[in-house]
Amino acid sequence: MTVEPHEPHEPHEPHEPHEPHGSYSGRVAVYEQVADGFGVVRILPLDAKADAEVIHGWVSEPRAEFWGMNGLTQEQVREIYEGLEAFDTHHAYLAVHEDEPVGLLQTYEPEADRVGECYEVEPGDIGVHVLLAPAGDAGGRPGWSSSVLTAFTSYVLVGLDRRRVVVDPDERNERAIARFRRQGFECGQVVVLPEIDLPEVYLPEKRARLAFLRRETMLAQ
């Protein structure tokens with residue numbers, strides 16, 4: 001996960017979906033979240049073909065080195081996310097704010113992922129990977145990162161009715177780890193995620209810092 005550092009922002013209750021506008025108006029949101037001073041964050045199922053250009057731009061930036069897709073072409077990124085659509089245990093979503101994409105969320109069942117080999121999975125656990133959009137020409141906005149992250153954690157813990165979120169940032173990604181801590185995550189142990197070398201996917205070995213956020217912790221913030 002790669003984010004710009006901002007001050008934490010208080011979570012807010014989701015509201016009833018409203019009619020969106022612009023180029024994303026024809027896509028149905030699975031969840032919406034309101035943050036005071038920021039607005040509505042809509043979470044849409046990722047469309048690998050339609051969203052490949054946006055995602056490729058994000059993952060190609062130096063700041064996204066820990067995402068593991070630096071150097072891939074747009075076509076390769078599209079193929080990766082099209083392949084993800086074949087799994088019932090892994091899903092990808094695009095967050096949109098004021099008709100602009102602001103973040104990528106990937107969810108997975110820990111027992112169906114290599115991280116499940118490295119810690120004791122509890123009933124109700126869900127794993128996530130998060131990549132936030134770059135700040136853009138106008139620069140960062142106070143509370144921006146926290147507002148998008150709050151929408152993501154609210155979706156998985158409330159919208160999907162899960163009890164705990166697990167993340168596994170690279171242990172060298174100190175900014176991401178600090179961001180998760182400010183969001184209320186509790187850091188766990190450093191683990192070694194094993195190499196995955198299959199015809200359809202390759203993931204190198206990774207030293208990761210696990211961190212967890214329980215639903216009651218998020219709701220109490």
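This text gives an overview of the structure that appears in the document. These numbers were taken from a predicted model, which means no experiment stands behind them.

## Some thoughts on the overall build of the protein
- Per the secondary structure count, the protein includes five helices and 10 strands.
- Expressed as a percentage of its 221 residues, the buried residues of the protein come to 47%.
- For the protein, long-range pairs separated by at least 24 residues make up 62% of all intrachain contacts whose partners lie at least 6 apart in sequence.
- When the accessible surface of the protein is split by element, carbon and sulfur atoms take 49% of a total near 11100 Å².

## Side note on the sheet that holds strand β1 (residues 31–35)
- With mixed pairing, eight strands are arranged side by side in an open sheet as β1-β2-β3-β4-β5-β6-β10-β7. Of all strands in the sheet, those bounded by a partner on one side alone are β1 and β7 (186–193). Averaged over neighbouring strand pairs, the angle between their axes works out to 30° when direction is ignored.
- The sheet contact formed by β7 and strand β10 (residues 206–214) spans six bridges and is antiparallel. Residue pairing across strands places Val191 opposite Ala208, the latter belonging to β10.
- Across the face of the sheet, helix α3 (residues 144–159) comes into contact with β1, β2 (39–45), β3 (90–97), β4 (100–108), β5 (125–132), β6 (164–167) and β10 while running at roughly 140° to β1.

## Concerning a nonpolar patch on the surface
- A grouping of Leu198, Val201 and Leu203 is seen on the molecular surface, where their side chains present a nonpolar patch of about 210 Å² in accessible area.
- In this structure, Val201 sits in the loop between β8 (196–197) and β9 (202–203).

## What to know about the pattern of salt bridges
- Tallying each qualifying case throughout the model produces 13 salt bridges.
- In this structure, the salt-bridge partner of Glu75 is Arg78, at a minimum N-O distance of 2.0 Å. Residue Glu75 and its partner Arg78 are both found in helix α2 (residues 74–84); the two are separated by three residues, about one turn of the helix.
- For Asp161, the salt bridge goes to Arg215, with nearest N and O atoms at 2.6 Å. With a gap of 54 residues between them, Asp161 in the loop between α3 and β6 and Arg215 in helix α5 (residues 215–220) connect regions that are remote in the sequence.
- Judged by relative accessible area, Asp161 falls into the exposed class, the value being 55%.

## Here's the deal with the packing of aromatic side chains
- Following the criterion strictly, the structure yields four aromatic pairs and no others.
- Taking the centre distance of 5.6 Å and the plane angle of 50° together, the rings of Tyr31 and Tyr155 count as tilted. Taken as a pair, Tyr31 in strand β1 and Tyr155 in helix α3 lie far apart in primary sequence, 124 residues in all. For the pair Tyr31 and Tyr155, a shared accessibility class is recorded, and that class is buried.

## Some details on the pairing of β4
- With eight of nine residues buried, β4 lies mostly within the body of the structure.
- Hairpin remark: β3 followed by β4, antiparallel, with two residues in the connecting loop; positive phi at Glu98, about 50°.
- Relative to β5, β4 is paired through six bridges, and the arrangement is antiparallel. Paired with Thr107 across the bridge in β5 is Val128.

Cut-offs used in this document
- Residues numbered from 1 in each chain as written.
- Predicted model: local features only at pLDDT ≥ 70, side-chain atom pairs only at ≥ 80, totals over all residues.
- Heavy atoms only, no water.
- Helix = DSSP H or I, 4+ residues; strand = E, 2+ residues; numbered from the N terminus.
- Buried < 20%, exposed > 50% of the residue type's maximum accessible area, 1.4 Å probe, protein only.
- Contact = heavy atoms within 4.5 Å.
- Areas by Shrake-Rupley, 256 points an atom, 1.4 Å probe, with all protein chains shown as cover.
- Pairing = 2+ DSSP bridges.
- Axes fitted to C-alpha atoms, helices over the stretch in contact; angles between N-to-C directions.
- Patch = residues over 30% accessible without salt bridge, like charges linked within 9 Å, V, L, I, M, F, W, Y side chains within 5 Å.
- Salt bridge = Lys/Arg side-chain N within 4 Å of Asp/Glu carboxyl O.
- Phe/Tyr/Trp six-rings, centres within 6.5 Å; stacked < 30°, edge-to-face > 60°.

Note that all results are geometric; they support no functional claim without further evidence.
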